[in-house]
Amino acid sequence: MSDQQQQHVPVLLNQVMAALKPETGKHYVDGTLGAGGHSEAILEASGPEGMLSAFDLDPAAIAIAAERLKRFGNRVRIINDSYVSIKKHFDKTEKVDGVLLDLGVSSMQLDNAERGFSFLKDGPLDMRFGKQAGRSAEELVNTLPEAELAQILFDYGEERESRRIAAAICRARESAKISSTLQLAEIIAGAVKAGRHKIHPATRSFQAIRIAVNNELNGLRTVLPDFLDLLNPNGRLAIISFHSLEDRIVKQFFRQESTDCLCPPEQPLCTCGHRAQLKLISRHAIVAGQEETEENVRSRSAKLRVAEKLENRR
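Predicted, not measured: the structure shown is a model, and the values here were computed from it.

Undergrad: Can you lay out the state of the cysteines for me, pointing to particular residues and giving the numbers?
TA: Going through the model one piece at a time under the given rule, you end up with zero disulfides. Free of any disulfide, cysteine 263 has its nearest cysteine sulfur in cysteine 261, 3.6 Å distant. The exposure class assigned to cysteine 263 is buried, which follows from its relative accessible area of 15%. With no disulfide of its own, cysteine 270 lies closest to cysteine 261 among cysteine sulfurs, the gap being 3.4 Å.

Structure follows, in structure tokens:
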């Protein structure tokens, strides 16, 4: 096993396995393969005949995971594509018994300065999960109008000083192109009021820019109904999120699809015809315990939500 595989610790692994309950002969999806830790556990628990389809945009992650999972042979199918495109990789009659998403940027990507995700290491300002993702972070920060940039920082990073930071970025790029992570981090740090941030002053802005580059929130909203359609009855959808925006989208979708009528409460008769398709397995998000948070810093902000598909009621 490579050093990267040994260093990779899947977040909330025990909780994910308890949620998905993998069984032999069933088919599962890992929408965010990464280094393959969750996938490996699912394949082990669903042996000897369980199947797994795993998605990732990052060729480097796929190379590491493929090595890790090669002992499972044709029980695993690795797809170099975003989970957002999942329906295109299954025919209309194909169903699965569980779907896992571990959202956000992996420690493997953060540790690689060349990927441009970290504000603590100098590297090219990229932030794309895969090169096919479109605009890089460098293109975004050097071309967006100030108002649009400020809106991204506010909406996706929940950054209270978004206007001040956007103005500083636009002033800086008039003199020279912003092309490295540390260059951008220094501009942001210089724009905010000293002592206002308990975390690194660039944390929220880097998060916001990464989300915009990869269109993460819109992709998540789009794909949740696709996951629901793909699941067999009693199949489970397990999603790990790392910040409030992702968690809010998942929570709202689960709440909506576990409710029969969506009409306004004051309306006496239902006219929407909506029927619940999900059952919440846990009403509240599942979080890591003290032991896991001490061993794995990334787990501190992780929230797992789980829902099970009901029998066909339409």
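Undergrad: Can you explain the pairing of strand β5 (residues 231-241)? Please cite residues and give values.
TA: It is a general feature of regular strands that their side chains alternate between the two faces of the sheet. The element β5 is largely enclosed, with a buried count of eight among its 11 residues. Both strand β4 (residues 96-102) and β5 contribute to a ladder of six bridges, which runs parallel. Paired with leucine 101 across the bridge in β5 is isoleucine 239. Bridge analysis of β5 against strand β7 (residues 303-309) gives six bridges, and the strand direction is antiparallel. From the neighbouring strand, isoleucine 240 faces β7, where its bridge partner is leucine 304.

Undergrad: Could you give me a rundown of the sheet that holds β4, with the residues and numbers involved?
TA: Think of a sheet as strands paired side by side through backbone hydrogen bonds, with each pair either parallel or antiparallel. Strand order in the open sheet made by the seven strands is β3-β2-β1-β4-β5-β7-β6, with mixed pairing throughout. Edge strands, defined here as strands with exactly one partner in the open sheet, are β3 (76-79) and β6 (278-280). Going across the sheet, the axis of each strand differs from the next one's by a mean of 20 degrees, ignoring polarity. The pairing of strand β1 (residues 27-30) with strand β2 (residues 51-55) spans four bridges and is classified as parallel. Each residue of the ladder has a partner; that of histidine 27, found in β2, is methionine 51. Across the sheet, helix α2 (residues 13-20) lies against β1, β4, β5 and β7, angled at about 165 degrees from β5, the strand it touches most. Strands β4, β5, β6 and β7 of the sheet are contacted by helix α11 (residues 216-230), whose axis makes an angle of about 150 degrees with β5.

Undergrad: Please set out the packing of helix α7 (residues 146-157) against helix α8 (residues 162-175) residue by residue, giving values where relevant.
TA: Look at α7 against α8: their axes get within 8 Å of each other, and the N-to-C directions meet at 135 degrees. Classed by the angle they form, the pair α7 and α8 counts as oblique. Like other packed secondary-structure pairs, α7 and α8 cross with a definite hand, here right-handed. Touching Glu146, Leu149, Ala150, Leu153 and Phe154 of α7 are Ser162, Arg163, Ile165, Ala166, Ala167, Ile169 and Cys170, all from α8.

Definitions and limits used
- Residues numbered from 1 in each chain as written.
- Predicted model: local features only at pLDDT ≥ 70, side-chain atom pairs only at ≥ 80, totals over all residues.
- Heavy atoms only, no water.
- Disulfide = S-S within 2.5 Å.
- Buried < 20%, exposed > 50% of the residue type's maximum accessible area, 1.4 Å probe, protein only.
- Helix = DSSP H or I, 4+ residues; strand = E, 2+ residues; numbered from the N terminus.
- Pairing = 2+ DSSP bridges.
- Axes fitted to C-alpha atoms, helices over the stretch in contact; angles between N-to-C directions.
- Contact = heavy atoms within 4.5 Å.
- Parallel < 35°, antiparallel > 145°, perpendicular 65-115°, else oblique.
- Left-handed = near helix turned anticlockwise from the far one by under 90°.

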